[in-house]
Protein chains: 2
Amino acid sequence: MAKVNENYAKLPGSYLFAEIARRVAAYSAEHPEAKLIKLGIGDVTRPLAPAVIEAMHKAVDEMAHKETFRGYGPEQGYDFLRQAIVKGDFAPYGVNIAEDEIFVSDGAKSDCGNIGDIFSTHNVVAVCDPVYPVYVDTNAMAGRAGEYLTDEERWSNIYYMPTTAENGFVPELPKTPVDLIYLCSPNNPTGTTLNRDQLKVWVDYANEHDAVILFDAAYEAFITEPDVPHTIYEIPGAETCAIEFHSFSKTAGFTGNRCAYTVVPKALVRQGQSLNAMWNRRHTTKFNGVPYVVQRGAEAVYSEEGRNQVRETIAFYQENARVIREGLKEAGLEVYGGVNSPYVWFKTPTDSWSFFDRLLKEANVVTTPGAGFGPSGEGYIRVTAFGDAEATKEAVKRIIELLK
Amino acid sequence: MAKVNENYAKLPGSYLFAEIARRVAAYSAEHPEAKLIKLGIGDVTRPLAPAVIEAMHKAVDEMAHKETFRGYGPEQGYDFLRQAIVKGDFAPYGVNIAEDEIFVSDGAKSDCGNIGDIFSTHNVVAVCDPVYPVYVDTNAMAGRAGEYLTDEERWSNIYYMPTTAENGFVPELPKTPVDLIYLCSPNNPTGTTLNRDQLKVWVDYANEHDAVILFDAAYEAFITEPDVPHTIYEIPGAETCAIEFHSFSKTAGFTGNRCAYTVVPKALVRQGQSLNAMWNRRHTTKFNGVPYVVQRGAEAVYSEEGRNQVRETIAFYQENARVIREGLKEAGLEVYGGVNSPYVWFKTPTDSWSFFDRLLKEANVVTTPGAGFGPSGEGYIRVTAFGDAEATKEAVKRIIELLK
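The following refers to the structure shown. (Residues numbered from 1 in each chain as written. Chains lettered and ligands numbered in written order. Predicted model: local features only at pLDDT ≥ 70, side-chain atom pairs only at ≥ 80, totals over all residues. Heavy atoms only, no water.)

Some points on the relation of the copies chain B and chain A
The line we're drawing: Here the copies were fitted onto each other by least squares, based on C-alpha atoms from residues at pLDDT of at least 70 in both. Here a residue-residue contact requires only that any non-hydrogen atoms of the pair lie within 4.5 Å.
With an RMSD of 0.0 Å, the operation that places chain B on chain A is a rotation of 180° combined with a shift of 0.0 Å along the axis. Such a combination of rotation and displacement between the chain copies is what one expects of a two-fold axis. Taking C-alpha positions as the reference, the residue of chain B nearest the rotation axis is His-57 of chain B, at 3.1 Å. Looking at chain B, 100% of its interface residues are interface residues in chain A too, so the copies touch through the same face.

Remarks on the sheet that holds strand E9 (residues 242-247) of chain A
Residues and elements named next belong to chain A. Using the following cut-off: In this analysis, strands are considered paired if DSSP registers two or more bridges between them. Per the convention used, a helix needs a DSSP run of H or I reaching at least four residues, while a strand needs a run of E reaching at least two, with both numbered from the N terminus. In this description, a line fitted to the C-alpha atoms serves as the axis of each element, helices being fitted only across the stretch in contact, and the angle between N-to-C directions of two axes falls anywhere from 0 to 180 degrees.
Taken in spatial order, the seven strands line up as E2-E10-E9-E8-E7-E3-E6 in an open sheet, and their pairing is mixed. Edge positions in the sheet fall to strand E2 (102-105) and strand E6 (158-162), since each has one partner strand and no second. Pairwise comparison of adjacent strand axes, ignoring direction, gives a mean angle of 20° for this sheet. Bridge count for strand E8 (residues 212-216) against E9 is four bridges, and the pairing is parallel.

Digging into unusual backbone geometry
Note: most peptide bonds trans; most residues except glycine with negative phi. This is how the line gets drawn: In this scheme, a residue with accessible area under 20% of its type's maximum is buried, one over 50% is exposed, and one in between is partly exposed, where area comes from a 1.4 Å probe on protein chains only.
Omega for the bond connecting Ser-185 of chain A with Pro-186 of chain A falls within 30 degrees of zero, at -5°, which places this linkage in the cis form. Each neighbour pair has its own omega, and for Asp-129 of chain B with Pro-130 of chain B the value is 10°, a cis peptide bond. If you trace the backbone, Pro-130 of chain B turns up in the loop between strand E3 (125-129) and helix H5 (133-142). The backbone of Asp-210 of chain B shows a phi angle near 55°, a positive value even though the residue is not glycine. Among the secondary structure elements, Asp-210 of chain B is positioned in the loop between helix H6 (196-209) and strand E8 (212-216). Relative accessible area serves as the criterion here: at 33%, Asp-210 of chain B is assigned to the partly exposed category. Look at Gln-271 of chain B: it is not a glycine, yet its phi comes out positive at around 50°.

Description of the packing of helix H11 (residues 352-363) of chain B against helix H12 (residues 389-403) of chain B
Residues and elements named next belong to chain B. We apply this condition: When describing relative orientation, an angle under 35 degrees is termed roughly parallel and one over 145 degrees roughly antiparallel, while 65 to 115 degrees is termed roughly perpendicular and anything else oblique. As a working rule, the residues Ala, Val, Leu, Ile, Met, Phe, Trp, Tyr, Cys and Pro are called nonpolar, Asp, Glu, Lys and Arg charged, and the rest polar, with Gly in that last group.
In the contact formed by H11 and H12, the axes pass within 10 Å of each other and the chain directions differ by 105°. Regarding the angle of H11 to H12, the classification is roughly perpendicular. Along its contact with H11, which presents Phe-355, Arg-358, Leu-359, Glu-362 and Ala-363, the element H12 presents Arg-398, Ile-399, Leu-402 and Leu-403. Here the contact of H11 with H12 is built from residues that sort into six nonpolar, no polar and three charged.

Structural notes on the sheet that holds strand E14 (residues 343-347) of chain B
Residue and element names in this part refer to chain B. Spatial strand order, E13-E14-E17-E16: four strands in an open sheet with antiparallel pairing. The strands lining the two open edges of the sheet, one partner per strand, are strand E13 (335-337) and strand E16 (368-369). In this fold H11 packs onto E14, E16 and strand E17 (380-384), with an angle of close to 45° to the strand it touches most, E17.

Observations regarding the interface of chain B and chain A
Put simply, the test is: Using a 1.4 Å probe, buried area is obtained as the accessible area two parts lose upon being combined, added over both of them. A side-chain nitrogen of Lys or Arg and a carboxyl oxygen of Asp or Glu constitute a salt bridge if their distance falls within 4 Å. The term polar contact refers here to a pair of N or O atoms within 3.5 Å; inside protein, the definition further demands a hydrogen-donor-capable atom paired with an acceptor-capable atom, and it admits residues adjacent in sequence only when both atoms are side-chain atoms.
Facing 80 residues of chain B, the contacting portion of chain A comprises 80 residues. Overall, the association of chain B and chain A removes approximately 6700 Å² of surface from exposure, summing both partners, and the carbon and sulfur fraction of that is 58%. The tally of links from chain B across to chain A stands at eight salt bridges. A salt bridge links Asp-137 of chain B to Arg-281 of chain A; the nearest nitrogen and oxygen atoms lie 3.5 Å apart. At the junction of chain B with chain A, the criterion picks out 41 residue pairs in polar contact (both at pLDDT 80 or more).

Okay, structure coming up:
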């Protein structure tokens, strides 16, 4: 008799965006005249850069002819892309990452989840709270989370580290032993960051305790302040304790184009095993590479032309973030993030779902209630800068009016 | 202290294609004048169909403009593709599969491995022997395989079902209980198939024992004989016991374009859990969809134009298979497969590595020794039909000469 993975039955429903959609649909049905502005979902809206488009067209043409057609590529990614990544994302920061420490994949979400494959189920996982739900759910599926405590909205075996205004959005070191530590900077959902000194505390902790940091750098392209590291490997010692996830989704608008990469340093060894060799085995056995056409598109992000075009798009979203940040402040709200991030996180005068409803009904602006990201997200709301410039301005204006 | 997944350390090296490459390189270095013909690897060589190319160009153009740009798509695949699959791959065989039973993915290899996520590690896995190594390795990684017995070249907890000339390449029903059964028809590596009656035996067995069949239909497009089912769901009762994997890799030359899909019927329930709901949860949590451009390319495979073009390419490979099959017979070899498959499997006069060496050195033809696919692959060699037509003819001619 086939037996199912019993951990799945423990998972609570994934209600956040479904519940938002339900409330928005209900309101729209009652008020078909309302012009809703959606600043809720973290998806990009600007088109792919012209250099990326050109590279993809060229690659499609190559696939049309026997002489230039590409079948199976290396599972870890083509050399041309791994080289461009090393040169474009690490060398500029004086970080020495080798090509064979880069694993090109279809998404940081996939990798953040799949990375658990190479670890025992007997690790204690630590996450920041609020948290990107994928870190928690994938560990719950694998059996590392224990039992879900419905009343407390948390898992019995996950170590939650509050990251709130009270501690300046810098998690405290764990008081009991943890083995796998997810850190995300710039953070989703709070939009805040860990600076060099703050991140060094974690690298030192992980090395001292033989823990592994799973560092999500998906929003790296939005960093503007000089003391925020673009990669954890800027911190000495990170190569012996950290795996890093990057994505072209937010950097270059690849959410619908699917390309990312994960860095597993060869110096990272646990229980005598090279995690680079283990991930290589996992990646080559359970994955078969990213489409050639997409890899050529990703490569173009690193050309001079591509880089300039991508920067322009990032600047567009950054200006939206500035508009949101300053507007919400003007509205009298306590505002965080948005400086090195497309996300602005603000304290709500009432609980987060009530304030979500008020913004929906009285300002016709859709946001994301912080409670959906974990217990410590309660009392906050996330707003994203990925919208249209005029609509973003209009949304902010409405919120200012509402709270006058 | 972070603890690794200790099952990885049990894995024997993945030597087959590396060892082939080593022997070929050594021979080439000594005989730079030798004109080697490679009939070893199962990768396609013909370009993508013009209809696919056109659809991909169009989709790339859509990604270039704000109005038509696509960000995150549904993780399970766009409706346009799921609808085309239902209409193109199931309706023609009178099989009633719903759109929400189709999960579009980046590859059948990924899915064949990842499907294990939704099952307990306490299942007994049965595989045909010889076998596509991914079935075994991914279960070993998950802890379902027990210990690797080096001398026997098998895992202690895997149930191996010999499929050889002696039983007509039809595995016998297990003598002890098994829970998850991998079947691949048309088979890789043997190129043989299970017909309707033979497959029905397995469907009945699985339903009777509450086992689950993991049916790999990656080579379905090569079927020519009417009594070979194109999908396991042609067999009554399969919807309550089988998950099916399809791929565009061999059907439409997508090995470098990465698109596939998995069917999980809603009627498939084990221990009170819907496997469709479980896989949906897994797919939406640990995967983020296939690139829009690639999905449009896959959709074009189902247009009238696309279908005709793809059939022409399949016919090209099928003619190669015929040339190989008849040529090897003429050479006096005992030959299997190649009728409903791009793979031809033949009995070797000596052990498979020795005969591989002889073909390499005396005919300058590269093949794949059967021993690499498991204990019962010993004494056979696999030849693939994915090469150039003239080169394939020349290779066969050389083998005939050699064995005269």
